[in-house]
Amino acid sequence: MSETLRRTPLYETHVRSAARLVPFAGWEMPVQYTGVMAEAKAVREAVGLFDVSHMGRAYLDGAQATDFLDYLTVNDVQKLTDGQGQYSLMCYENGGVVDDIIIYRVHSERYTIIFNAGNRDKDLAWMREKLVDFTATLTDVSDETALIAVQGPKAIGLLGDVIAALPRFGIGETVFAGIAVTAARTGYTGEDGAELICPADQSAALWDALIAAGATACGLGARDALRLEAALPLYGHEMDETVNPYEARLGWVVKLDKTANFIGKEALQAVKADGPRRKCVGITLEGKAIPREGYLLFAPSSGGGREIGHITSGTFSPTIGRGVAMARIESAYAKIGTALEVEIRGARHAATVAPLPFYKNV
């Protein structure tokens, strides 16, 4: 029996715009409109628009909301002030990653939490399981709201002064085209911009207003290429339940010295003390070869040629004009400039460990 795909509130808008729709994380989502190259160019040079309503959204309310999040996540939630957001991770006791999330503090007893589409049910169950000993309430608002990302160097100018006044990872309330939105100055492209939460039944009007204001509709193909250029991790690729934050190049998120105890702390203390066995690195290839997820990486033939890891995310970079990838490899080979080989359709190609990110704007 084929899987029944879920649809965002903007599904009919995508159909009307002749987007190419594909299955993604259990959803029917637009992968492209005019083409990945043109859409990526629009985001890098002007302003692009993404429907990311498939991602999970929940509110956490209560007197112990802050205490709960400090126990649930590896970052230091106590440091947040009203209107401030924080990238973080939920980990298992063994240090593996449940999911990466963004937490926004509205005030001391209310937080907005954004999490990955493919992990929505798992994340909600995990949070509810751990919440039982705390005075707080978790409310899933994913289906009654929409989430639209507006990204690019001209995005903030398009969105107006209220959003322009927000710092990076700041959150606030504003009105665009007569529609009340919650705006967070965050994104997943390596560009400045904001992500807008609005009522689901007003999302089509908001989308159309943003297009009319000059934004270019973009699909998941461009979004994935852009996030890879900026070396932004994706759950199920750079991290999962078998990968700890230090192996995923996310050790900076883990605050072992924060006051609160948190799930996975003991395991992560041990990883930091011993050093991770594997590391996430950048990979570039010579010539026209394009690295793809799952391709195996090997030490050079002169060094024995044994398998040392694999590509976690790879694509042709529209901005850089060559194949780029992130990979998880043995730590001994992770030094920038190390020569490796990647196997593509049975043939070995020269590869090099490269600095990350491949592209940086914000």
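None of the values given here were measured: they were computed from a predicted structure.

## Overview of the overall build of the chain
Helix and strand content of the chain: nine helices and 19 strands. On C-alpha atoms alone, the chain measures out to a radius of gyration of 21 Å, which is about the 21 Å that the 2.2 N^0.38 rule sets for 362 residues. In terms of its C-alpha atoms, the chain occupies a principal-axis envelope of roughly 65 × 50 × 45 Å. The buried share of the chain, taken over its 362 residues, is 57%. Of the roughly 15200 Å² of accessible surface on the chain, 51% is carried by carbon and sulfur atoms. Positive and negative side-chain charges in the chain, numbering 36 and 44 respectively, have mean positions lying 6 Å apart.

## Concerning the packing of helix α3 (residues 65-72) against helix α4 (residues 120-130)
With their axes 11 Å apart at the nearest point, α3 and α4 run at an angle of 115 degrees to one another. Pair α3 / α4 crosses with right-handed handedness. Residue-level inspection shows Phe-68, Tyr-71 and Leu-72 of α3 in contact with α4, the latter providing Trp-126, Met-127 and Lys-130. Taken together, the residues that form the contact of α3 with α4 break down as five nonpolar, no polar and one charged.

## What to know about the packing of aromatic side chains
Taken as a whole, this structure holds four aromatic pairs when the rule is applied. Residue placement shows Arg-7 over the ring face of Tyr-11; its charged tip is 3.9 Å from the ring centre. Here the basic side chain of Lys-130 rests over the ring of Trp-126, its NZ or CZ set 4.5 Å away from the ring centre.

## A closer look at the sheet that holds strand β8 (residues 137-140)
One open sheet accounts for five strands, arranged β5-β6-β7-β4-β8; its pairing is antiparallel. The sheet is open, and its two edges are formed by β5 (84-91) and β8, each paired on a single side. The mean angle between the axes of side-by-side strands here comes to 25 degrees, regardless of whether they run parallel or antiparallel. As defined by bridge partners, strand β4 (residues 56-61) adjoins β8 across four bridges and the pair is classed as antiparallel. Bridge assignment links Asp-61 to a residue of β8, and that residue is Thr-137.

## Here we look at helix α7 (residues 203-212)
Listed in full, the buried residues belonging to α7 are Ser-203, Leu-206, Trp-207, Ala-209 and Leu-210. Down the axis of α7, the buried set is contained in an arc of 165 degrees. They therefore lie on one face. Gly-214 sits one or two positions beyond α7 and adopts a positive phi of about 125 degrees.

## A short note on the nonpolar core
Counting 33 residues, the largest nonpolar core has Val-74, Leu-89, Met-239 and Leu-268 as its most contacted members. At the level of elements, α2 (36-45), β5, β6 (97-107), β9 (145-151), α8 (220-229) and α9 (265-274) are the ones that each hand at least two residues to this core. The residues touching Met-239, leaving out its near neighbours within four places in the chain, are Tyr-87, Leu-89, Val-97, Asp-100, Pro-233, Leu-234, Ala-248, Leu-250 and Arg-328. Grouped together as the second largest cluster of nonpolar side chains are 27 residues, Ala-19, Ile-156, Val-181 and Leu-206 included.

## Regarding the sheet that holds strand β16 (residues 307-316)
Read once around its circumference, the closed barrel built from six strands follows the order β14-β17-β16-β15-β18-β19, with strand pairing classed as antiparallel. Taking each pair of neighbouring strands and ignoring which way they run, the sheet shows an average axis angle of 40 degrees. Strand direction decides the pairing type here: strand β15 (residues 296-298) and β16, joined by three bridges, are antiparallel. Each bridged residue has a counterpart across the sheet, and for Phe-298 the counterpart in β16 is Glu-307. Here α8 sits on the sheet in contact with β16 and β17 (323-330), set at roughly 125 degrees to β16.

## Some details on unusual backbone geometry
Following Leu-356, the chain continues into Pro-357 via a peptide bond in cis, with omega recorded as 0 degrees. One can find Pro-357 in the segment after β19 (347-354). Although it is not a glycine, Ala-177 sits at a positive phi angle of roughly 55 degrees. Considering the arrangement of structural elements, one finds Ala-177 in the loop between β10 (171-176) and β11 (179-184). Judged by its relative accessible area of 56%, Ala-177 is exposed.

## A few points about the packing of α2 against α8
Helix-helix packing is characterised by the crossing angle of the two axes and by the distance between the axes. In the contact formed by α2 and α8, the axes pass within 8 Å of each other and the chain directions differ by 55 degrees. Comparing their axes, α8 and α2 come out oblique. For the crossing formed where α2 meets α8, the hand is right-handed. Judged by residue contacts, Val-36, Glu-39, Ala-40, Val-43 and Arg-44 of α2 engage Gly-221, Ala-222, Leu-226 and Glu-229 from α8. Among the residues forming the contact of α2 with α8, the class breakdown is five nonpolar, one polar and three charged.

## A word on the state of the cysteines
Taken as a whole and assessed by the stated rule, the structure comprises zero disulfides. We note that Cys-218 lacks a disulfide partner, and the nearest cysteine sulfur, in Cys-198, lies 18 Å from it.

## Things to note about the side chain of Thr-8
The topology assignment puts Thr-8 in the segment before α1 (11-16). By relative accessible area, Thr-8 is classed as buried at 6%. Of note is the side chain of Thr-8, whose polar atom sits 2.6 Å from the side chain of Asp-51.

About the cut-offs
- Residues numbered from 1 in each chain as written.
- Predicted model: local features only at pLDDT ≥ 70, side-chain atom pairs only at ≥ 80, totals over all residues.
- Heavy atoms only, no water.
- Helix = DSSP H or I, 4+ residues; strand = E, 2+ residues; numbered from the N terminus.
- Rg over C-alpha atoms; globule rule 2.2 N^0.38 Å.
- Buried < 20%, exposed > 50% of the residue type's maximum accessible area, 1.4 Å probe, protein only.
- Areas by Shrake-Rupley, 256 points an atom, 1.4 Å probe, with all protein chains shown as cover.
- Lys, Arg positive; Asp, Glu negative; His and termini not counted.
- Charge placed at Lys NZ, Arg CZ, Asp CG, Glu CD.
- Axes fitted to C-alpha atoms, helices over the stretch in contact; angles between N-to-C directions.
- Left-handed = near helix turned anticlockwise from the far one by under 90°.
- Contact = heavy atoms within 4.5 Å.
- Nonpolar A, V, L, I, M, F, W, Y, C, P; charged D, E, K, R; others polar.
- Phe/Tyr/Trp six-rings, centres within 6.5 Å; stacked < 30°, edge-to-face > 60°.
- Lys NZ or Arg CZ within 6 Å of the ring centre and 35° of its normal.
- Pairing = 2+ DSSP bridges.
- Arc of directions from axis to C-beta.
- Core = buried A, V, L, I, M, F, W, Y, C linked by side-chain atoms within 4.5 Å.
- Parallel < 35°, antiparallel > 145°, perpendicular 65-115°, else oblique.
- Disulfide = S-S within 2.5 Å.
- Polar contact = N/O pair within 3.5 Å; in protein donor to acceptor, adjacent residues only side chain to side chain.

Everything listed here is a matter of coordinates, which is why it stays silent on function.
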